[in-house]
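Residues per chain are reported as follows:
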Amino acid sequence: WEFNGSFYQPSAFLMMGIPGLEALHPWISIPFCALYLTALLGNCIILFIIRKTQSLHEPMYYFLSMLAVTDLGLALCTLPTTLGLFWFNVRRIGFDACLAQMYFIHILSFIESSVLLAMAFDRFIAISHPLRHPSILTKTTVLKIGLAIVLRGMVSLLPIPFLLKRLTYCGKTELSHSFCFHPDIMNLACADIKVNVFYGMIILLSTVGMDFIFIVLSYILIIRTVISLTTKEECLKALNTCVSHICAVLVFFIPMIGLSMIHRFGKNVPPLVNTLVAYTYLIIPPALNPVIYSIKSTHMREALLRALRRKRG
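Residue positions within a chain follow its written sequence, with the count starting from 1. Totals for whole chains, interfaces and linings use every residue, but because this is a predicted model, local features are given only for residues with pLDDT of at least 70 and side-chain atom pairs only at 80 or more, for both listing and counting. Computation of side-chain values: all heavy atoms of the structure, hydrogens and water removed.

### Re the overall build of the protein
Moving on, step 1. To qualify as a helix, a DSSP run of H or I must reach at least 4 residues; to qualify as a strand, a run of E must reach at least 2; elements of each kind are numbered from the N terminus. Helices and strands together make up the secondary structure of the protein, namely twelve helices and four strands.
Moving on, step 2. Here the globule rule is a power law, 2.2 Å times the number of residues to the power 0.38, and the radius of gyration is based on C-alpha atoms. Against the compact-globule benchmark of 20 Å for 313 residues, the protein has a radius of gyration of 21 Å, which places it among compact chains.
Moving on, step 3. The cut-offs for exposure are 20% and 50% of the maximum accessible area for each residue type, with area from a 1.4 Å probe on protein chains only; residues under the lower value are buried, those over the upper are exposed, and the others partly exposed. Counting all 313 residues of the protein, 48% fall into the buried class.
Moving on, step 4. Residue contacts follow a heavy-atom distance rule, with two residues in contact if any of their heavy atoms lie within 4.5 Å. Here the analysis covers contacts within the protein between residues at least 6 apart in sequence; of these, 80% occur between residues at least 24 apart.

### Observations regarding the side chain of Ser65
Moving on, step 1. Along the polypeptide, Ser65 turns up in helix H2 (residues 59–88).
Moving on, step 2. Residue class for Ser65 comes out buried when judged on its relative accessible area of 15%.
Moving on, step 3. The residues contacting Ser65, other than those within four sequence positions of it, are Leu47 and Ile50.

### Some details on the nonpolar core
Moving on, step 1. Residues belong to a common nonpolar core when they are buried Ala, Val, Leu, Ile, Met, Phe, Trp, Tyr or Cys residues joined through side-chain atoms within 4.5 Å. If you look at the biggest cluster of nonpolar residues, it comprises 88 residues, and the most contacted ones within it are Phe13, Phe32, Leu64, Leu116, Leu164, Tyr169 and Ile185.
Moving on, step 2. By residue number, the principal contributor to this core is helix H3 (residues 95–128), which donates 19 residues.
Moving on, step 3. Among residues more than four places away in sequence, those in contact with Leu64 are Ile46, Ile50, Met119, Tyr293 and Met300.

### Here we look at the state of the cysteines
Moving on, step 1. Cysteine sulfur atoms are paired as a disulfide whenever they fall within 2.5 Å. Applying the stated criterion to the full structure yields two disulfides.
Moving on, step 2. With its sulfur 1.9 Å from that of its partner, Cys98 forms a disulfide with Cys180. The sign of the -120 degrees torsion about the S-S bond sets the Cys98-Cys180 disulfide as left-handed. Residue Cys98 is located in helix H3, and its partner Cys180 is located in the loop between helix H6 (159–165) and helix H7 (182–186); the two are separated by 82 residues in the primary sequence. Accessibility assignment for this pair places Cys98 and Cys180 in one class, buried.
Moving on, step 3. Linked covalently through their sulfurs, Cys170 and Cys190 form a disulfide whose S-S length is 2.1 Å. With Cys170 in the loop between H6 and H7 and Cys190 in the loop between H7 and helix H8 (194–227), this pair connects stretches of sequence that are 20 residues apart.
Moving on, step 4. Residue class for Cys190 comes out partly exposed when judged on its relative accessible area of 42%.
Moving on, step 5. Numbered by order of appearance in the sequence, the disulfide-linked cysteines of the protein pair as 1-3, 2-4.

### Focus: the environment of Phe212
Moving on, step 1. By the element assignment, Phe212 lies in helix H8.
Moving on, step 2. Residue classification places Phe212 among the partly exposed residues on the basis of a relative accessible area of 32%.
Moving on, step 3. It is 7.7 Å that separates the C-alpha atoms of Phe212 and Ser113, two residues lying 99 residues apart in sequence.

This is the structure in C-alpha coordinates:
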(Lines give C-alpha, C1' and ligand atoms only; values in the text may rest on other atoms or scores of the structure.)
Protein backbone atom coordinates (compact mmCIF):
# COMPACT_ATOMS: atom_id res chain seq x y z
CA TRP A 1 0.00 0.00 0.00
CA GLU A 2 1.07 3.61 -0.64
CA PHE A 3 0.32 5.83 2.35
CA ASN A 4 0.02 9.62 2.26
CA GLY A 5 -1.85 11.07 5.26
CA SER A 6 -5.43 9.87 4.98
CA PHE A 7 -5.04 8.87 1.33
CA TYR A 8 -4.67 5.16 0.59
CA GLN A 9 -3.98 3.64 -2.80
CA PRO A 10 -3.30 -0.05 -3.48
CA SER A 11 -0.07 -0.94 -5.25
CA ALA A 12 -1.97 -3.69 -7.10
CA PHE A 13 -5.35 -5.32 -7.62
CA LEU A 14 -6.18 -9.04 -7.63
CA MET A 15 -8.03 -10.34 -10.67
CA MET A 16 -10.61 -13.12 -10.57
CA GLY A 17 -11.34 -15.83 -13.11
CA ILE A 18 -14.62 -17.73 -13.16
CA PRO A 19 -15.95 -17.93 -9.57
CA GLY A 20 -16.46 -21.45 -8.25
CA LEU A 21 -14.57 -23.02 -11.17
CA GLU A 22 -10.99 -22.08 -10.23
CA ALA A 23 -9.85 -25.72 -10.30
CA LEU A 24 -11.04 -26.01 -13.93
CA HIS A 25 -9.25 -22.90 -15.19
CA PRO A 26 -6.67 -24.86 -17.29
CA TRP A 27 -9.52 -26.67 -19.08
CA ILE A 28 -11.63 -23.53 -19.38
CA SER A 29 -8.66 -21.83 -21.05
CA ILE A 30 -9.08 -24.12 -24.10
CA PRO A 31 -12.27 -22.47 -25.48
CA PHE A 32 -10.82 -19.06 -24.56
CA CYS A 33 -7.67 -19.86 -26.57
CA ALA A 34 -9.87 -20.91 -29.51
CA LEU A 35 -11.83 -17.63 -29.32
CA TYR A 36 -8.67 -15.50 -29.08
CA LEU A 37 -7.06 -17.39 -31.96
CA THR A 38 -10.20 -16.93 -34.07
CA ALA A 39 -10.26 -13.20 -33.23
CA LEU A 40 -6.59 -12.64 -34.05
CA LEU A 41 -6.43 -14.76 -37.22
CA GLY A 42 -9.91 -13.82 -38.46
CA ASN A 43 -9.43 -10.07 -38.19
CA CYS A 44 -5.91 -10.24 -39.67
CA ILE A 45 -7.32 -12.19 -42.65
CA ILE A 46 -10.10 -9.60 -43.08
CA LEU A 47 -7.51 -6.79 -43.17
CA PHE A 48 -5.26 -8.72 -45.57
CA ILE A 49 -8.12 -9.55 -47.97
CA ILE A 50 -9.40 -5.97 -48.06
CA ARG A 51 -5.89 -4.58 -48.60
CA LYS A 52 -5.11 -6.99 -51.46
CA THR A 53 -8.50 -6.90 -53.23
CA GLN A 54 -9.00 -3.75 -55.29
CA SER A 55 -12.76 -4.29 -55.67
CA LEU A 56 -13.14 -4.03 -51.88
CA HIS A 57 -11.61 -0.55 -51.73
CA GLU A 58 -14.89 1.18 -50.97
CA PRO A 59 -16.44 2.79 -47.84
CA MET A 60 -18.21 -0.32 -46.55
CA TYR A 61 -14.96 -2.28 -46.41
CA TYR A 62 -12.90 0.65 -45.12
CA PHE A 63 -15.25 0.74 -42.14
CA LEU A 64 -14.99 -3.05 -41.86
CA SER A 65 -11.19 -2.61 -41.69
CA MET A 66 -11.65 -0.15 -38.81
CA LEU A 67 -13.88 -2.69 -37.06
CA ALA A 68 -11.26 -5.42 -37.55
CA VAL A 69 -8.46 -3.22 -36.13
CA THR A 70 -10.65 -2.35 -33.13
CA ASP A 71 -11.48 -6.02 -32.52
CA LEU A 72 -7.78 -6.91 -32.70
CA GLY A 73 -7.07 -4.23 -30.08
CA LEU A 74 -9.84 -5.51 -27.78
CA ALA A 75 -8.58 -9.09 -28.02
CA LEU A 76 -4.97 -8.06 -27.33
CA CYS A 77 -6.03 -5.90 -24.34
CA THR A 78 -7.58 -8.79 -22.41
CA LEU A 79 -5.57 -11.76 -23.72
CA PRO A 80 -2.43 -11.40 -21.48
CA THR A 81 -4.28 -11.08 -18.17
CA THR A 82 -7.02 -13.62 -18.98
CA LEU A 83 -4.71 -16.41 -20.20
CA GLY A 84 -2.10 -15.49 -17.56
CA LEU A 85 -4.72 -16.11 -14.88
CA PHE A 86 -6.10 -19.32 -16.44
CA TRP A 87 -2.70 -20.84 -17.23
CA PHE A 88 -0.40 -19.61 -14.46
CA ASN A 89 -2.82 -18.24 -11.82
CA VAL A 90 -1.25 -14.77 -12.15
CA ARG A 91 -3.84 -12.68 -10.35
CA ARG A 92 -1.85 -9.56 -9.47
CA ILE A 93 -1.94 -6.48 -11.69
CA GLY A 94 -0.31 -3.18 -10.77
CA PHE A 95 -2.56 -0.21 -10.04
CA ASP A 96 -1.30 1.94 -12.93
CA ALA A 97 -1.21 -1.05 -15.31
CA CYS A 98 -4.83 -1.77 -14.38
CA LEU A 99 -5.87 1.82 -15.13
CA ALA A 100 -4.04 1.68 -18.48
CA GLN A 101 -5.75 -1.59 -19.45
CA MET A 102 -9.13 -0.21 -18.39
CA TYR A 103 -8.60 2.98 -20.41
CA PHE A 104 -7.78 1.10 -23.62
CA ILE A 105 -10.61 -1.44 -23.16
CA HIS A 106 -13.16 1.37 -22.81
CA ILE A 107 -11.66 3.43 -25.67
CA LEU A 108 -11.78 0.45 -28.03
CA SER A 109 -15.35 -0.37 -26.95
CA PHE A 110 -16.44 3.20 -27.66
CA ILE A 111 -14.60 3.15 -31.00
CA GLU A 112 -16.33 -0.11 -31.96
CA SER A 113 -19.71 1.43 -31.14
CA SER A 114 -18.92 4.47 -33.31
CA VAL A 115 -17.64 2.34 -36.20
CA LEU A 116 -20.88 0.34 -36.15
CA LEU A 117 -22.77 3.65 -36.38
CA ALA A 118 -20.60 4.74 -39.32
CA MET A 119 -21.34 1.41 -41.02
CA ALA A 120 -25.08 1.94 -40.47
CA PHE A 121 -24.78 5.41 -42.04
CA ASP A 122 -22.90 3.87 -45.00
CA ARG A 123 -25.67 1.29 -45.53
CA PHE A 124 -28.34 4.02 -45.33
CA ILE A 125 -26.61 6.15 -47.99
CA ALA A 126 -25.92 3.11 -50.20
CA ILE A 127 -29.59 2.01 -50.15
CA SER A 128 -31.38 5.39 -50.04
CA HIS A 129 -29.04 7.37 -52.33
CA PRO A 130 -27.05 4.80 -54.33
CA LEU A 131 -26.02 7.26 -57.08
CA ARG A 132 -24.69 9.82 -54.59
CA HIS A 133 -22.97 7.25 -52.35
CA PRO A 134 -19.48 7.51 -53.96
CA SER A 135 -19.53 11.32 -53.85
CA ILE A 136 -20.77 11.50 -50.22
CA LEU A 137 -18.45 8.90 -48.71
CA THR A 138 -15.13 9.60 -50.42
CA LYS A 139 -11.82 8.22 -49.11
CA THR A 140 -11.10 11.59 -47.49
CA THR A 141 -14.50 11.64 -45.77
CA VAL A 142 -14.04 8.09 -44.48
CA LEU A 143 -10.59 9.01 -43.13
CA LYS A 144 -12.01 12.07 -41.37
CA ILE A 145 -14.80 9.96 -39.85
CA GLY A 146 -12.21 7.46 -38.61
CA LEU A 147 -10.07 10.18 -36.99
CA ALA A 148 -13.14 11.77 -35.39
CA ILE A 149 -14.16 8.38 -33.94
CA VAL A 150 -10.72 7.81 -32.39
CA LEU A 151 -10.48 11.35 -31.01
CA ARG A 152 -13.97 11.18 -29.49
CA GLY A 153 -13.11 7.98 -27.65
CA MET A 154 -9.72 9.22 -26.40
CA VAL A 155 -10.91 12.66 -25.24
CA SER A 156 -14.19 11.57 -23.62
CA LEU A 157 -12.47 8.87 -21.54
CA LEU A 158 -9.30 10.79 -20.67
CA PRO A 159 -10.57 11.97 -17.22
CA ILE A 160 -11.54 8.42 -16.10
CA PRO A 161 -8.07 7.23 -14.93
CA PHE A 162 -7.50 10.52 -13.06
CA LEU A 163 -10.92 10.28 -11.39
CA LEU A 164 -9.99 6.80 -10.17
CA LYS A 165 -6.52 7.85 -8.98
CA ARG A 166 -7.98 10.55 -6.74
CA LEU A 167 -10.07 8.00 -4.80
CA THR A 168 -9.13 6.41 -1.49
CA TYR A 169 -9.13 2.61 -1.52
CA CYS A 170 -9.35 0.48 1.59
CA GLY A 171 -9.82 -3.18 2.35
CA LYS A 172 -10.92 -5.06 -0.77
CA THR A 173 -8.61 -5.14 -3.80
CA GLU A 174 -10.25 -8.06 -5.63
CA LEU A 175 -11.69 -7.33 -9.07
CA SER A 176 -14.65 -9.23 -10.52
CA HIS A 177 -12.93 -10.17 -13.78
CA SER A 178 -9.58 -11.12 -15.30
CA PHE A 179 -9.33 -7.58 -16.70
CA CYS A 180 -9.88 -4.06 -15.41
CA PHE A 181 -13.28 -2.40 -15.86
CA HIS A 182 -14.19 1.10 -14.67
CA PRO A 183 -17.29 0.27 -12.52
CA ASP A 184 -15.40 -2.68 -11.02
CA ILE A 185 -12.44 -0.55 -9.86
CA MET A 186 -14.70 2.31 -8.78
CA ASN A 187 -16.74 0.04 -6.48
CA LEU A 188 -13.59 -0.94 -4.53
CA ALA A 189 -13.13 2.65 -3.30
CA CYS A 190 -14.26 3.68 0.18
CA ALA A 191 -14.53 7.35 -0.82
CA ASP A 192 -17.42 9.26 -2.40
CA ILE A 193 -17.72 7.99 -6.00
CA LYS A 194 -20.67 10.15 -7.09
CA VAL A 195 -18.49 12.09 -9.56
CA ASN A 196 -17.22 8.84 -11.11
CA VAL A 197 -20.73 7.41 -11.36
CA PHE A 198 -22.18 10.60 -12.84
CA TYR A 199 -19.34 11.13 -15.35
CA GLY A 200 -19.33 7.47 -16.37
CA MET A 201 -23.10 7.48 -16.94
CA ILE A 202 -23.03 10.76 -18.90
CA ILE A 203 -20.19 9.56 -21.15
CA LEU A 204 -21.83 6.17 -21.72
CA LEU A 205 -25.19 7.71 -22.66
CA SER A 206 -23.70 10.47 -24.83
CA THR A 207 -21.47 8.10 -26.81
CA VAL A 208 -22.57 4.45 -26.90
CA GLY A 209 -26.17 5.32 -26.02
CA MET A 210 -26.43 7.91 -28.81
CA ASP A 211 -24.66 5.59 -31.25
CA PHE A 212 -27.25 2.87 -30.58
CA ILE A 213 -30.17 5.31 -31.01
CA PHE A 214 -28.79 6.58 -34.34
CA ILE A 215 -28.16 3.01 -35.55
CA VAL A 216 -31.82 2.17 -34.83
CA LEU A 217 -32.95 5.37 -36.62
CA SER A 218 -30.75 4.49 -39.61
CA TYR A 219 -32.44 1.11 -39.91
CA ILE A 220 -35.89 2.64 -39.60
CA LEU A 221 -35.03 4.88 -42.57
CA ILE A 222 -33.49 1.92 -44.43
CA ILE A 223 -36.65 -0.16 -43.93
CA ARG A 224 -38.80 2.75 -45.16
CA THR A 225 -36.66 2.98 -48.29
CA VAL A 226 -36.70 -0.79 -48.86
CA ILE A 227 -40.50 -0.96 -48.51
CA SER A 228 -40.80 1.62 -51.29
CA LEU A 229 -38.86 -0.60 -53.73
CA THR A 230 -41.01 -2.10 -56.45
CA THR A 231 -40.07 -5.78 -56.47
CA LYS A 232 -39.53 -8.36 -53.75
CA GLU A 233 -36.13 -9.26 -55.24
CA GLU A 234 -34.91 -5.67 -54.89
CA CYS A 235 -36.10 -5.58 -51.26
CA LEU A 236 -34.28 -8.80 -50.38
CA LYS A 237 -31.12 -7.72 -52.20
CA ALA A 238 -31.07 -4.39 -50.32
CA LEU A 239 -31.71 -6.01 -46.93
CA ASN A 240 -29.13 -8.74 -47.57
CA THR A 241 -26.36 -6.12 -47.62
CA CYS A 242 -27.31 -5.21 -44.02
CA VAL A 243 -27.50 -8.69 -42.48
CA SER A 244 -23.81 -8.85 -41.48
CA HIS A 245 -23.96 -5.40 -39.91
CA ILE A 246 -27.16 -6.17 -37.98
CA CYS A 247 -25.53 -9.34 -36.56
CA ALA A 248 -22.42 -7.35 -35.54
CA VAL A 249 -24.59 -4.71 -33.83
CA LEU A 250 -26.54 -7.32 -31.85
CA VAL A 251 -23.40 -9.26 -30.85
CA PHE A 252 -21.78 -6.06 -29.53
CA PHE A 253 -24.62 -4.08 -27.96
CA ILE A 254 -26.65 -6.82 -26.19
CA PRO A 255 -23.84 -8.00 -23.85
CA MET A 256 -22.54 -4.43 -23.42
CA ILE A 257 -25.93 -3.16 -22.24
CA GLY A 258 -26.30 -6.25 -20.04
CA LEU A 259 -22.91 -5.73 -18.39
CA SER A 260 -23.56 -2.02 -17.78
CA MET A 261 -26.92 -2.79 -16.16
CA ILE A 262 -25.40 -5.53 -13.96
CA HIS A 263 -22.59 -3.27 -12.71
CA ARG A 264 -24.94 -0.41 -11.89
CA PHE A 265 -28.13 -2.10 -10.73
CA GLY A 266 -27.50 -5.84 -10.35
CA LYS A 267 -26.24 -6.01 -6.77
CA ASN A 268 -27.91 -9.38 -6.23
CA VAL A 269 -26.86 -10.93 -9.55
CA PRO A 270 -24.70 -14.08 -9.02
CA PRO A 271 -20.97 -13.44 -9.67
CA LEU A 272 -20.93 -16.21 -12.29
CA VAL A 273 -23.55 -14.39 -14.41
CA ASN A 274 -21.60 -11.11 -14.15
CA THR A 275 -18.38 -12.87 -15.23
CA LEU A 276 -19.97 -14.69 -18.18
CA VAL A 277 -21.63 -11.51 -19.50
CA ALA A 278 -18.31 -9.64 -19.22
CA TYR A 279 -16.43 -12.32 -21.20
CA THR A 280 -19.24 -12.42 -23.77
CA TYR A 281 -18.98 -8.65 -24.20
CA LEU A 282 -15.20 -8.48 -24.65
CA ILE A 283 -14.25 -11.79 -26.31
CA ILE A 284 -17.22 -12.96 -28.41
CA PRO A 285 -17.59 -9.91 -30.77
CA PRO A 286 -13.90 -9.88 -31.88
CA ALA A 287 -14.13 -13.62 -32.59
CA LEU A 288 -17.54 -13.62 -34.29
CA ASN A 289 -17.32 -10.47 -36.43
CA PRO A 290 -14.81 -11.86 -38.97
CA VAL A 291 -16.80 -15.11 -39.15
CA ILE A 292 -20.07 -13.22 -39.71
CA TYR A 293 -18.63 -11.05 -42.48
CA SER A 294 -16.81 -13.95 -44.14
CA ILE A 295 -20.03 -16.00 -44.29
CA LYS A 296 -22.69 -13.34 -44.96
CA SER A 297 -20.80 -10.88 -47.19
CA THR A 298 -20.72 -12.27 -50.74
CA HIS A 299 -17.86 -10.01 -51.87
CA MET A 300 -15.73 -10.89 -48.81
CA ARG A 301 -16.43 -14.60 -49.25
CA GLU A 302 -15.54 -14.52 -52.94
CA ALA A 303 -12.35 -12.55 -52.29
CA LEU A 304 -11.35 -15.00 -49.55
CA LEU A 305 -11.97 -18.01 -51.84
CA ARG A 306 -9.93 -16.38 -54.63
CA ALA A 307 -7.05 -15.80 -52.23
CA LEU A 308 -7.18 -19.44 -51.07
CA ARG A 309 -7.20 -20.70 -54.67
CA ARG A 310 -4.17 -18.52 -55.55
CA LYS A 311 -2.32 -19.86 -52.52
CA ARG A 312 -3.07 -23.48 -53.48
CA GLY A 313 -2.08 -22.80 -57.08
